[in-house]
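Spelled out from the first residue to the last, the chains are:
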Amino acid sequence: MDDLLDEIGATFAYGAVGIALMAIGYLVVEVTTPGRLGKQIWTEGNRGAALLLSAKLLGIGAIVTTAIITSDDDLSDGLIDTAVFGGIGIVLMIVAFLLLDVTTPGKLGATLVDGGGATAPGGVAGGIHPAGWVVAAADLGVAAIVAGAVS
């Protein structure tokens, strides 16, 4: 019974670290794109903004999952490893975004959430600009690299 309680506690602890890292990922997308992200996604149906946030959260989730799986048996060391590697992943995703921003025309964040003038099916504004797929791939690629480094 003690083992079960220990595992339940560890699950909540790792879950809290993972949720905190994903909240930071949300804030990163919020800061790097113009406008209110929540409004753009949930009210305006902006698919470009949704793609950016989705890729970032999936990437962070993959890093956190790998860090948990490969962590030490000691809970505190494992939580620290998870937080550190998750933080590294977020920083590297920011670096990849900034490198794309300086090497492409215009402001990348605005391009991605404006949708390049595209209209989604049904007349909902906010189609996905092709650059959105590049940024999503960069986020997921960086996450895969960090996850591989963790293991």
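Per chain, the residues get numbers from 1 upward, laid out in the order the sequence is written. The model is predicted, so local features are restricted to residues of pLDDT at least 70 and side-chain atom pairs to those at 80 or more, both for listing and for counting; the totals for chains, interfaces and linings are taken over all residues. Only hydrogens and water are removed before side-chain values are computed, so all heavy atoms of the structure are retained for them.

Student: Just checking my understanding: could you explain the environment of Gly106 for this structure?
Tutor: Residue placement: Gly106 occurs in the loop between α4 (75–103) and α5 (108–114). On the basis of relative accessibility, which here comes to 58%, the residue Gly106 falls in the exposed class. Through-space distance from the C-alpha of Gly106 to that of His129 is 13 Å; in sequence the pair is 23 residues apart. A run of H or I in DSSP counts as a helix once it spans at least four residues, and a run of E counts as a strand once it spans at least two, with each numbered from the N terminus. Each residue's exposure class comes from its accessible area (1.4 Å probe, protein chains only) as a fraction of the maximum for that residue type: buried when under 20%, exposed when over 50%, partly exposed otherwise.

Student: Where do I start with the packing of helix α1 (residues 2–32) against helix α3 (residues 47–70) in this structure?
Tutor: A pair of packed helices can be characterised by two numbers: the angle between their axes and the separation between those axes. To get an axis, a line is fitted to the C-alpha atoms, and for a helix only the part in contact is used. The angle between two axes follows their N-to-C directions and goes from 0 to 180 degrees. Where α1 meets α3, the axes come as close as 9 Å, and the angle between the chain directions of the two elements is 150°. For the element pair α1 / α3, the angle class is roughly antiparallel. Regarding α1 and α3, the two cross each other, and that crossing is right-handed. Packed against α1, whose contacting residues are Tyr14, Gly18, Leu21, Met22, Gly25, Tyr26, Val28 and Val29, the element α3 presents Leu52, Leu53, Lys56, Leu57, Ile60, Val64 and Ile68 at the interface. Per-class residue counts for the contact of α1 with α3 are 12 nonpolar, two polar and one charged. An angle below 35 degrees is read as roughly parallel, one above 145 as roughly antiparallel, one from 65 to 115 as roughly perpendicular, and any other as oblique. Should the near helix be turned anticlockwise from the far one by less than a right angle, the crossing is left-handed, and should it be turned clockwise, the crossing is right-handed. By the convention used here, residues are in contact when the closest approach between their heavy atoms is within 4.5 Å. Ten residues, namely Ala, Val, Leu, Ile, Met, Phe, Trp, Tyr, Cys and Pro, are considered nonpolar, four, namely Asp, Glu, Lys and Arg, are considered charged, and the remaining ones, Gly among them, are considered polar.

Student: I would appreciate a short explanation of the confidence of the model for the protein in the present structure.
Tutor: In regions of low pLDDT, the predicted coordinates are not meant to be interpreted in detail. Across the protein, the average pLDDT comes to 87, with 92% of residues at 70 or higher. Confidence of the prediction at every residue is given by pLDDT, a number between 0 and 100. Contacts of residues 117–124 to residues separated by more than four positions or lying in other chains number eight contacts, the stretch itself having pLDDT below 50.

Student: It is not clear to me how a negative patch on the surface should be interpreted in this structure. Could you clarify?
Tutor: Taken together, the side chains of Asp2, Asp3, Asp6 and Glu7 define an acidic patch exposed on the protein surface. Along the chain, Asp3 falls in helix α1. For Asp3, a relative accessible area of 60% corresponds to the exposed category. Residues with no salt bridge and a relative accessible area higher than 30% make up the patches, which join like charges within 9 Å and nonpolar side chains (Val, Leu, Ile, Met, Phe, Trp, Tyr) within 5 Å. Residue burial considers only the protein chains on display, and all accessible areas are found by Shrake-Rupley using a 1.4 Å probe. Should a side-chain nitrogen of Lys or Arg be within 4 Å of a carboxyl oxygen of Asp or Glu, the pair is scored as a salt bridge. For the purpose of charge, His is not counted, nor are the chain termini; Lys and Arg are scored as positive and Asp and Glu as negative. For this purpose, a charge sits on NZ of Lys, CZ of Arg, CG of Asp or CD of Glu.

Student: Is there a simple way to think about the nonpolar core in this case?
Tutor: In globular proteins that are soluble, nonpolar side chains generally tend to be buried together. We call a set of buried Ala, Val, Leu, Ile, Met, Phe, Trp, Tyr and Cys residues a nonpolar core when their side-chain atoms join them within 4.5 Å. Grouped together as the largest cluster of nonpolar side chains are 17 residues, with contacts concentrated most on Leu21, Ile60, Ile63, Ile90, Met93, Val142 and Val146. Of all the secondary-structure elements, those providing two or more residues to this core are α1, α3, α4 and α6 (130–150). Among the elements that take part in this core, α1 stands out by supplying five residues, more than any other. The residues contacting Ile90, other than those within four sequence positions of it, are Leu21, Ile24, Gly25, Val28 and Ile60. Among the nonpolar cores identified, the runner-up in size contains 12 residues, and Ile41, Leu52, Leu53 and Val135 belong to it.

Student: Got a minute to help me understand the side chain of Lys56 in this structure?
Tutor: Tracing the sequence through the fold places Lys56 in helix α3. Residues in contact with Lys56, not counting those within four places in the same chain, are Gly25, Val28, Val29, Met93 and Asp139.

Student: Teacher, can you tell me more about a nonpolar patch on the surface here?
Tutor: Nonpolar side chains collect at one region of the surface, where Met1, Leu4, Leu5, Ile8 and Phe12 lie side by side and expose about 590 Å² of accessible area between them. Here Phe12 falls in the exposed class, since its relative accessible area comes to 64%.

Student: I keep staring at α3 and nothing clicks. Help me out?
Tutor: Helical geometry: 3.6 residues make up each α-helical turn, so side chains three or four residues apart lie on a common side. The length a helix should cover is 1.5 Å for every residue beyond the first. Taking 1.5 Å of rise per residue, 24 residues should cover 34 Å, and α3 covers 34 Å from first to last C-alpha, within 8% of that figure. Between a side-chain oxygen at the N-terminus of α3 and the backbone nitrogen of Gly48 the separation is 3.0 Å; the capping residue is Asn46. Here a polar contact means two N or O atoms within 3.5 Å. Within protein one must be a hydrogen donor candidate and the other an acceptor candidate, and residues neighboring in sequence count only if both atoms are side-chain atoms.

Student: I tried to follow the packing of α3 against α6 on my own but got confused; where do I start?
Tutor: Two numbers describe how α3 lies on α6: the axes approach to 9 Å, and their chain directions differ by 5°. With respect to their mutual orientation, α3 and α6 come out roughly parallel. Each of Leu51, Leu52, Ala55, Lys56, Leu58, Gly59, Ala62, Ile63, Thr66, Ala67 and Thr70 in α3 lies in contact with α6, whose residues at this interface are Gly132, Trp133, Val135, Ala136, Asp139, Leu140, Ala143, Val146, Ala147 and Val150. A breakdown of the residues in the contact of α3 with α6 according to their chemical character gives 15 nonpolar, four polar and two charged.

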